Amino acid sequence: MRRSFTIIASIATLAGCSSGTRSTQSAPAPERAAPQTANPPAAEVRRDSAANRSIAANDGALSLPNANPFPSTYRPFTSRPTVIRNVTIMTAAGPSIRNGAVVLVNGKISQVGANVSAPADAVVIDGTGKYVTPGIIDTHSHIGAGGVPSEQGAQTDDVNEATNPVTANVWVEHSVWPQDPQFPRSLAGGVTTLQVLPGSANLIGGRSVVLKVVPARTVQAMKFPGAKYGLKMACGENPKRVYANRGPSTRMGNVAGYRAAWIQAERYRRQWDKWNETHQGDPPPRDLGLETLAEVLRGNILVHNHCYRADEMAQMIDIAHEFGYKIRSFHHGVEAYKIADLLAREGIGASVWADWGAFKMEAVDAVRANMALLDKAGVRTIMHSDDASGEQRLNQEAAKAMAEGNRIGVPVSEDEAVKWLTINPAWALGLDDRIGSIEVGKNADVVLWSGDPFSVYSRPEKVWIDGAMLFDRLDPAQRWRTDFELGFVPDNAGGNR
């Protein structure tokens, strides 16, 4: 059935818009799968014991571990059993399967291999000469919160709450605009899951959010069910530049700022953990920022740390040791190759670029072989974007990094490089048990490429999320067009991507 993926804003919003060239013709809502009656995955229902207690009507002011005041309302789109045959499958879980097949049923990968049994009612796609990979996952995105059209101070510029060096109280999901036209372009680039992070103006910038790249009217309807929140931290030049006139204005001021915040958070965590255990007396005062930091200390929120220089990354690791939390991944890390052994020993991922560097002083020691050297040392190496255009071409970025490793004698196979785009970022988000590889039982987030995904000439031809085909390059009528684009952007999506 042909479906329109255009999401129309509420009637009240349309009524408030001035008349003009924008079309106000309604389009049918996307088809959604019927609510599932099966038990949800364990990751979606796990909560600390305090959060499982019955909550009285006036308990909204209580700080409960793993509290979820803005729950995901995502429901999978309607899917059909699908078989992709005669295709090269880059599983990200082992060697590629030549002339193989993958079967998608009920939103999951049900079979994969050289020989499969196709369900009688399956759609069969001939993938001769084509490739299948898991959906691409970007651990460092700002789209939605840093939307387009871009204008300083406008509705679409909501990434940095640059009012205080520590803003752990903010949640970037409250800045995400689901009608950002960058979302469908990322989907067309094969991206199925992304983490939207606050910017790097602050020492501690607030909570991230993990989204499925799907059409939706609200950010809650894009939120990946059961995904952990992340905490954005930033070291180095950005915070000391932003706060030069009020402090911190030096790197030593930065470190003092982190430590002061964690000292407060540890006190807050102890107070609330004790009260949640005993419920004796009045609860402690609630603080949104310390609540987020306490969740990091409990292990419920993953730390994603913007950092360029090797020496600063080592200092951030020492701070994590001092206060007993783990850094999940350093982001950008242009000097990560200098401490690859340390990152591997600590089990910290590296979300980096292929060849960005030398654009400011703390980036001057970048090398194009960063990813290859990290991978060789055993670091979970991740290709990230931090750029809306780059997010649409992450496969090409990985190809550049792979080629540089091969050029200097640090060989990287395609089977290894595909992990940079899929299973490694899935691990960084704590979702590698559900997405990131072509394995039986995992979510059917799958990309069919026109050719080798590491060729500049190949593009995603079809993209499935939870088994539903949400992008088909061969059928322009099925293109997702945001409300912002209606009446303005040509049907070719404003370009040839």
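Here, the structure is the one placed above.
Residues numbered from 1 in each chain as written. Predicted model: local features only at pLDDT ≥ 70, side-chain atom pairs only at ≥ 80, totals over all residues. Heavy atoms only, no water.

> Would you take a moment to explain the sheet that holds strand S13 (residues 349-352) for this structure?
Each strand in a sheet pairs with its neighbour through backbone hydrogen bonds, running either in the same direction (parallel) or in the opposite one (antiparallel). With mixed pairing, six strands are arranged side by side in an open sheet as S8-S10-S11-S12-S13-S14. In this open sheet, the two strands that pair with only one neighbour each are strand S8 (204-207) and strand S14 (381-383). Taking each pair of neighbouring strands and ignoring which way they run, the sheet shows an average axis angle of 20°. Direction of pairing for S13 relative to S14: parallel, over a ladder of three bridges. Looking at the pairing, Ala350 lines up with Thr381 of S14. Contacts from helix H7 (residues 288-298) reach S8, strand S10 (230-234) and strand S11 (302-307), with the element oriented near 85° to S8. (Pairing = 2+ DSSP bridges. Helix = DSSP H or I, 4+ residues; strand = E, 2+ residues; numbered from the N terminus. Axes fitted to C-alpha atoms, helices over the stretch in contact; angles between N-to-C directions. Contact = heavy atoms within 4.5 Å.)

> Is there a simple way to explain the sheet that holds strand S6 (residues 136-141) in this structure?
The strand order across the open sheet built from three strands is S6-S7-S9, with neighbouring strands paired in mixed fashion. Edge strands, defined here as strands with exactly one partner in the open sheet, are S6 and strand S9 (209-212). Averaged over neighbouring strand pairs, the angle between their axes works out to 20° when direction is ignored. Where S6 meets strand S7 (residues 191-196), four bridges bridge the pair, whose relative direction is parallel. Looking at the pairing, Ser141 lines up with Val196 of S7.

> Could you clarify how one ought to interpret helix H6 (residues 251-278) in this entry?
Given 3.6 residues to a turn, an α-helix orients residues that are three or four positions apart in the same direction. Its 28 residues give H6 an end-to-end C-alpha distance of 41 Å, which sits within 8% of 40 Å, the value for a rise of 1.5 Å per residue. The set of residues buried in H6 consists of Asn254, Gly257, Tyr258, Ala261, Trp262, Ala265, Glu266, Tyr268, Trp272, Trp275 and Asn276. With its phi angle positive at about 55°, His279 sits one or two positions after the end of H6. (Expected span 1.5 Å × (residues − 1). Buried < 20%, exposed > 50% of the residue type's maximum accessible area, 1.4 Å probe, protein only.)

> Where do I start with helix H8 (residues 310-323) in this structure?
End to end, H8 covers 21 Å across 14 residues, agreeing with the expected 20 Å (1.5 Å per residue, within 8%). Of the positions making up H8, those classed as buried are Ala310, Glu312, Met313, Met316, Ile317, Ile319, Ala320 and Phe323. On its buried face, H8 sits against S10, H6, H7, S11, strand S12 (327-332) and helix H9 (340-346). Looking one or two residues beyond H8, the residue adopting positive phi is Gly324, at roughly 80°.

> Whenever I open this one, the state of the cysteines confuses me. Can you help?
A disulfide bridge is the covalent bond that connects two cysteines by way of their sulfur atoms. In total, this model carries one disulfide according to the counting rule given. What pairs with Cys235 in a disulfide is Cys307, and their sulfur atoms sit 2.0 Å apart. With a gap of 72 residues between them, Cys235 in the loop between S10 and helix H5 (237-242) and Cys307 in strand S11 connect regions that are remote in the sequence. (Disulfide = S-S within 2.5 Å.)

> Would you mind going over the pairing of strand S5 (residues 131-134) with me for this structure?
Note on strand geometry: in a regular strand, side chains alternate between the two faces of the sheet. In terms of strand pairing, strand S1 (residues 82-89) meets S5 through two bridges, oriented parallel. For Ile89, the partnering residue across the bridge sits in S5 and is Val132. Summarising the sheet, S5 and strand S15 (residues 446-449) pair through four bridges and their orientation is antiparallel. By the bridge assignment, Pro134 is partnered in S15 with Val446.

> Mind showing me how you'd approach the nonpolar core here?
In globular proteins that are soluble, nonpolar side chains generally tend to be buried together. In terms of nonpolar packing, the biggest core is built from 95 residues, with Trp262 and Tyr325 touching the most fellow members. Ignoring anything within four residues of it in the chain, the contact list for Trp262 reads Leu231, Met233, Leu293, Val296, Leu297, Ile319, Phe323 and Tyr325. Counting residues in hydrophobic clusters, the runner-up holds 13 residues, among them Ile89, Leu104, Ile125 and Ile438. (Core = buried A, V, L, I, M, F, W, Y, C linked by side-chain atoms within 4.5 Å.)

> What is the right way to look at the pattern of salt bridges in this model?
Pairs can form between side chains of opposite charge once their charged atoms are near each other. With the rule as written, the count across this model stands at 25 salt bridges. The shortest N-O distance in the salt bridge between Glu312 and Arg251 comes to 3.0 Å. Within this pair, whereas Glu312 is found in helix H8, its partner Arg251 is found in helix H6, the two being separated by 61 residues in sequence. For Arg251, a relative accessible area of 24% corresponds to the partly exposed category. One salt bridge connects Arg298 with Glu295, and the closest N-O pair in it is separated by 2.6 Å. Taken together, the positions of Arg298 and Glu295, both in helix H7 and three residues apart, correspond to about one turn of that helix. Comparing Arg298 with Glu295, the two get one shared label, buried. Each of Arg251, Arg309, Asp311, Glu312, Lys360 and Glu362 takes part in salt bridges that share partners, so that together they form one network. (Salt bridge = Lys/Arg side-chain N within 4 Å of Asp/Glu carboxyl O.)

> Even after reading the chapter, I still don't get the packing of helix H12 (residues 394-407) against helix H13 (residues 414-421), so can you show me in this structure?
For any two helices packed against each other, one specifies the crossing angle of their axes together with the interaxial distance. Where H12 meets H13, the axes come as close as 10 Å, and the angle between the chain directions of the two elements is 135°. It follows from the interaxial angle that H12 and H13 lie oblique. When the axes of H12 and H13 are compared, the crossing they make is right-handed. Touching Leu394, Asn395, Ala398, Ala401 and Met402 of H12 are Glu414, Ala417, Trp420 and Leu421, all from H13. A per-class count over the contact of H12 with H13 returns seven nonpolar, one polar and one charged. (Parallel < 35°, antiparallel > 145°, perpendicular 65-115°, else oblique. Left-handed = near helix turned anticlockwise from the far one by under 90°. Nonpolar A, V, L, I, M, F, W, Y, C, P; charged D, E, K, R; others polar.)

> I'm lost on the pairing of S1 in this one. Help?
Counting buried residues in S1 gives six out of eight residues, a clear majority hidden from the surface. Sheet analysis places S1 next to strand S2 (residues 97-105), joined by five bridges and oriented antiparallel. Looking at the pairing, Val83 lines up with Val103 of S2. Of the pairings in the sheet, the one linking S1 to strand S4 (residues 123-126) comprises four bridges and is parallel in character. Bridge pairing links Arg85 to Asp126 in S4.

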